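# Secondary and tertiary structure notes
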Amino acid sequence: MGNRLRSELMVEKDPLFKDRVAVEMRKYFNTDSRRIDHASRVALYAEKLAVEENGDPAVVIPTAYLHDIGIKEAERKHKSTAARYQHEEGPPIAREIMEKLAATEELITEVCDIVGHHHNPRPHESINFKVLYDADLIVNIEDNLRENKISAEAVRKLVTKRFLTLSGQKMAVAMFIPSKKEV
Ligand SMILES: [Fe+2]
C-alpha cells in the first residue's frame, strides 16, 4: 500500500516516467531488437494484467521494461543467460537507469527486488511480482511457439500450472488453448 501510494505520487510528478524508462531500455539494448521487442510486449501484457488484478501499473510497467536488463552483462561476464546471473546483474543496471530518471527510492527498491528474482517466485509474492511473472510467461510461450520450440502439450502444462494470477491464466488460455470449435 505504502509503495503504491508513493509510486502514484511520483507518477503525478512525472507522467512520462514509464516512457522514459522505455527509451533508456531501448538505448541500452541498442541493436538487439529481439530483446527490445520482448520487453515491450511484456510491458503491454503486464499493464493489462496490473489493471485487472489491482496491481500498480506505475511499478509494473517500468519493471517490465527492465526485467531482463541484466542479460547482456550475464552473457558478457558469465557467458550464460542463466536466471541466476540475470538476477545478479539486472538490479544494479535497473537502479542506475531509474536514478538517472530521478525515481523515488521506494520505486527503485521495489522494481530492483522484482528484477532480481523475476524467474523465481517466493512463497508469498506481491501482486506486482505476480503480474510481471505472468506477462513474461505469456511472452515466452508466444516466442517459443513462434520458433517451434515448444509442444502443444508443454504449453497446456504451463498454462494450467505456472500462472500466478487468474487474469494471467485466463489471458493465456484465450491466446494459446484452442477452443473445441476451432479444432
Ligand atoms: Fe523476459
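Since this is a predicted model, take the numbers as computed values, not measurements. (Residues numbered from 1 in each chain as written. Predicted model: local features only at pLDDT ≥ 70, side-chain atom pairs only at ≥ 80, totals over all residues. Heavy atoms only, no water.)

The number of helices and strands found in the protein is ten helices and zero strands. Computed over C-alpha atoms, the radius of gyration of the protein comes to 16 Å, within 12% of the 16 Å expected from 2.2 N^0.38 for 183 residues, which places it in the range of a compact globule. Expressed as lengths along the three principal axes of its C-alpha atoms, the size of the protein is roughly 50 × 40 × 30 Å. Sorting the 183 residues of the protein into buried and exposed places 48% on the buried side. Summarising the internal contacts of the protein: among those between residues at least 6 apart in sequence, 65% fall at separations of at least 24. When the accessible surface of the protein is split by element, carbon and sulfur atoms take 53% of a total near 9,900 Å². Within the protein, one finds 29 positive and 30 negative side-chain charges whose respective centroids are separated by 5 Å. (Helix = DSSP H or I, 4+ residues; strand = E, 2+ residues; numbered from the N terminus. Rg over C-alpha atoms; globule rule 2.2 N^0.38 Å. Buried < 20%, exposed > 50% of the residue type's maximum accessible area, 1.4 Å probe, protein only. Contact = heavy atoms within 4.5 Å. Areas by Shrake-Rupley, 256 points an atom, 1.4 Å probe, with all protein chains shown as cover. Lys, Arg positive; Asp, Glu negative; His and termini not counted. Charge placed at Lys NZ, Arg CZ, Asp CG, Glu CD.)

The next thing to look at is the packing of aromatic side chains. Considering all chains together, one arrives at two aromatic pairs under this definition. Aromatic pair Tyr28 and Phe29: ring centres 5.8 Å apart, planes at 70°, arrangement edge-to-face. Judged by centre distance (6.0 Å) and plane angle (20°), the ring pair of Phe129 and Tyr133 falls under stacked. Highlighted residues: Phe129 and Tyr133, both in helix α8 (residues 127-146), separated by four residues, approximately one helical turn. (Phe/Tyr/Trp six-rings, centres within 6.5 Å; stacked < 30°, edge-to-face > 60°.)

Note that side chains of opposite charge can pair when their charged atoms are close. Using the criterion set out here, one finds 16 salt bridges in the structure. With a closest N to O distance of 2.6 Å, Arg156 and Glu153 form a salt bridge. Placement of both Arg156 and Glu153 in helix α9 (residues 152-161) is noted, with a separation of three residues, approximately one turn of the helix. Taking relative accessible area as the criterion, Arg156 reaches 46% and is therefore assigned partly exposed. Judged by its relative accessible area of 41%, Glu153 falls in the partly exposed class. Salt bridges linked by common partners bring Asp37, Arg41, Glu142, Asp143 and Arg146 together as one network. (Salt bridge = Lys/Arg side-chain N within 4 Å of Asp/Glu carboxyl O.)

Here the largest pocket is characterised by a volume of approximately 400 Å³. The wall of the largest pocket is formed by 17 residues, among which Arg34, Arg35, His38, Asn140 and Asp143 lie closest to the centre. When contributions to the lining of the largest pocket are tallied by element, the ones reaching two or more residues are α3 (33-52) and α8. Grouping the amino acids of the lining of the largest pocket by side-chain chemistry returns one nonpolar, six polar and ten charged. (1 Å grid on protein atoms, 1.4 Å probe; cavity = no way out; pocket = protein on both sides within 12 Å on 5 of 7 lines; lining within 4 Å. Points joined across faces, edges and corners; volume = space filled by probe spheres on them. Nonpolar A, V, L, I, M, F, W, Y, C, P; charged D, E, K, R; others polar.)

Right, let's get into the coordination of the iron ion. Octahedral metals with six donors have ideal donor angles of 90 or 180 degrees. Tetrahedral metals with four donors have an ideal donor angle of 109.5 degrees. Note on the iron ion: its protein donors are His38 (NE2), His67 (NE2), Asp68 (OD) and Asp136 (OD). The metal-donor distances range over 2.1 to 2.4 Å. We note that the donor set of the iron ion lies within a single chain, spaced as H-x28-H-D-x67-D. Taken as a pair, His67 in the loop between α4 (57-66) and α5 (71-78) and Asp136 in helix α8 lie far apart in primary sequence, 69 residues in all. Here His67 and Asp136 have matching classes, each one buried. (Donors = N, O, S within 2.8 Å, 3.2 Å for Na, K, Ca; no water.)

What follows deals with the UniProt feature "domain: HD" (unreviewed entry) in the protein. In this structure's numbering, the residues bearing the UniProt feature "domain: HD" (unreviewed entry) are residues 35-137. For residues 35-137, helix accounts for 74% and strand for 0%, while the C-alpha atoms at its two ends are 15 Å apart. (UniProt positions renumbered as here; feature names shortened; annotations may be inferred.)

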